[in-house]
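Below are the chains, spelled out letter by letter.
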Amino acid sequence: MVHARTALAQSDTLRLVWPQWQGAGESSVRSLLPELPYGEARRVYALGTRVLTALLPEHAGPTEIVPVSDEPIGEKVLVTNGMESRAQILAGIRDAREAIARHDAPRILTLGGDCAVSVVPFTELAARYGDDLAVVWIDSHPDIGTSHSQYPGYHAMAVSHIIGTGDVEVMEELTAFVSPSRLALAGLHSWTEDDYPNIAKWGLHAFGPADLRDSTTPLLKWLETTGCSRVAVHLDVDTVDADEIRLGLGYDRGGLSVTQTNRVVRDLGRAADVVGLTIAEYVPRQVVYLARLLEELPLL
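Model, not experiment: these values are computed from the prediction. (Residues numbered from 1 in each chain as written. Predicted model: local features only at pLDDT ≥ 70, side-chain atom pairs only at ≥ 80, totals over all residues. Heavy atoms only, no water.)

Trainee: Which parts of the structure should I look at to understand the pairing of strand β5 (residues 107-112)?
Mentor: Each regular strand displays side chains that alternate between the two surfaces of the sheet. Judged by how many residues are buried, β5 sits mostly within the fold: six of six residues are covered. Here β5 shows two buried faces, one formed by Arg107, Leu109 and Leu111 and the other by Ile108, Thr110 and Gly112. Pairing geometry for strand β1 (residues 13-18) and β5, over six bridges, is parallel. Note on β5: the bridge partner recorded for threonine 13 is arginine 107. As paired strands, β5 and strand β10 (residues 273-280) are joined by four bridges and run parallel to one another. Along β10, the bridge assignment pairs leucine 109 with leucine 277. (Buried < 20%, exposed > 50% of the residue type's maximum accessible area, 1.4 Å probe, protein only. Helix = DSSP H or I, 4+ residues; strand = E, 2+ residues; numbered from the N terminus. Pairing = 2+ DSSP bridges.)

Quick look at the structure:
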C-alpha cells in the first residue's frame, strides 16, 4: 500500500498545471456566476488554478504548464455538437499530451481548471497501466453528458470521454480509455434527468453522499472488486456541501463535508497506489473581489 501523501511527494510525479476554462458552458456560467461580467466569469477557473498552485508546497519533480488560449474573446461562442470553444479545447488536449510525453512520470497531479482537465492525464495513465487502473470520480455531478444533453459544455462530458463514449473528434486525440466497470462516481447528488440513465446504460457504479458520510468502505469494496492496484482520483471541489462552504461554480447542497471528502481520498490512497489526482472546478469568489479592490491602486 502507498499512502496518498507519500505518493504525491515523490519526485517521479508530474505536476500538470492546466488552467483550462473553455470547457464550461455559457448558459451555466451566466446563470451560476451572474455577479460577474460573462467574459470575466468564464475565465475564473484560470484564477482558481493559480490559487491552487500557490497553496501547494514546492514540487521536487517535473512541472508542466499547459498553455491556455484567451479565446474566444467575444460574447458569442460557437457551439458544435454540444461543445463550445472546440478549437481551443482540441489544442489544449494536444498540448497536454505533449507535456506528459516529455516525461516518463508514473504519476500525474493535475491542477485545473474545469473538470475536463482530467481527460488527458487519466487516458494517458490508462494507456500506461491498462486494466490495472481504476478511476474514482469524486464530484457532485456525473459528467456523463453527450452532444444532446441539457447541461452543456465539455466539462460536463469528461467521464464520457474517459470511458470512450464521447465526441468522436476528441476521442481521436486520446490514446486509451477506461472501462466503465473500472470507473466509480463518488459523492454524486446533482444531475440532469436526461443524463442519469447513462450511468446504468454504460455500467458505471455510483455512490451518493449518504453512502460515504460515515465510512469509505462501500467505495473501497467496489475498488477491490475491480482487481486494480492503481487508481486515478478526480476531485471536483463542488463535492463539498455548499452549505458548509461554496467552492465550486454552483450551489450544490447535500454533499460531503470537507472532512468527509478528505477522508475518502486519503482512504483510497491507503487502499491502492494513487497514480493520478486531479483537483478541479475551484471558483475563488473572494479572490475575484479582492482583485477588484486592488485594481489600479498606486504602488502595486
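Alright, that's what it looks like, and here's the rest.
Trainee: Sorry, what's going on with the packing of aromatic side chains here?
Mentor: Working definition: an aromatic ring pair is given by the centre-to-centre distance plus the angle between the planes. All chains considered together, the criterion is met by two aromatic pairs. Each ring, one from phenylalanine 122 and one from tryptophan 137, has its centre 6.3 Å from the other, and the planes form 90 degrees; the classification is edge-to-face. Linking phenylalanine 122 in helix α6 (residues 119-129) with tryptophan 137 in strand β6 (residues 133-138), this pair joins segments that are 15 residues apart in sequence. Measuring from ring centre to ring centre gives 4.4 Å for tryptophan 191 and tyrosine 196, while their planes differ by 25 degrees; the resulting arrangement is stacked. A relative accessible area of 33% means that tryptophan 191 is categorised as partly exposed. A cation over an aromatic ring shows up here: arginine 30 above the ring of tyrosine 38, its NZ or CZ 4.1 Å from the ring centre. (Phe/Tyr/Trp six-rings, centres within 6.5 Å; stacked < 30°, edge-to-face > 60°. Lys NZ or Arg CZ within 6 Å of the ring centre and 35° of its normal.)

Trainee: Would you mind going over the layout of surface pockets with me for this structure?
Mentor: To locate leftover empty space, one rolls a probe as large as a water molecule over the atoms. If you add up the space inside the second largest pocket, you get close to 200 Å³. If you trace the second largest pocket, you find it lined by Glu40, Arg43, Val44, Ala46, Leu47, Arg50, Val288, Ala291 and Arg292. The set of elements that each furnish at least two residues to the lining of the second largest pocket consists of α4 (44-55) and α13 (285-294). Here the lining of the second largest pocket takes four residues from α4, the largest share from any one element. Tallied by class, residues from the lining of the second largest pocket come to five nonpolar, no polar and four charged. (1 Å grid on protein atoms, 1.4 Å probe; cavity = no way out; pocket = protein on both sides within 12 Å on 5 of 7 lines; lining within 4 Å. Points joined across faces, edges and corners; volume = space filled by probe spheres on them. Nonpolar A, V, L, I, M, F, W, Y, C, P; charged D, E, K, R; others polar.)

Trainee: Teacher, can you tell me more about the pattern of salt bridges here?
Mentor: A pair can form between side chains of opposite charge whenever their charged atoms are brought close. Going through the model one piece at a time under the given rule, you end up with 15 salt bridges. A salt bridge links aspartate 243 to arginine 253; its shortest N-O distance comes to 3.0 Å. Taken as a pair, aspartate 243 in the loop between β9 (230-236) and α12 (258-271) and arginine 253 in the loop between β9 and α12 lie far apart in primary sequence, ten residues in all. Residue arginine 253 is classed as exposed on the basis of its relative accessible area of 56%. What emerges from the salt-bridge pattern is a single network uniting Asp12, Arg107 and Asp273. (Salt bridge = Lys/Arg side-chain N within 4 Å of Asp/Glu carboxyl O.)

Trainee: Would you mind going over a nonpolar patch on the surface with me for this structure?
Mentor: Residues Leu290, Leu293, Leu294, Leu297 and Leu300 make up a contiguous nonpolar surface patch of roughly 510 Å² in combined accessible area. Relative to the helices and strands, leucine 300 resides in the segment after α13. Leucine 300 sits in the exposed class, given a relative accessible area of 73%. (Patch = residues over 30% accessible without salt bridge, like charges linked within 9 Å, V, L, I, M, F, W, Y side chains within 5 Å. Areas by Shrake-Rupley, 256 points an atom, 1.4 Å probe, with all protein chains shown as cover.)

Trainee: For this particular structure, what's the right way to read the nonpolar core?
Mentor: With 45 residues, the main nonpolar core has Trp137, Leu183 and Leu204 as its most contacted residues. Going through the elements one at a time, β1, α5 (86-101), α6, β6, α7 (158-162), β7 (183-186), α9 (197-202) and β10 are the ones with two or more residues in this core. (Core = buried A, V, L, I, M, F, W, Y, C linked by side-chain atoms within 4.5 Å.)

Trainee: What should I look at first to understand empty space enclosed by the protein in this one?
Mentor: Under the criterion given, the structure shown has two cavities of 30 Å³ or more. Empty space within the largest cavity amounts to approximately 40 Å³. Forming the boundary of the largest cavity are Asp238, Val240, Ala242, Ile245, Arg246, Leu247, Gly248, Gly250 and Asp252.

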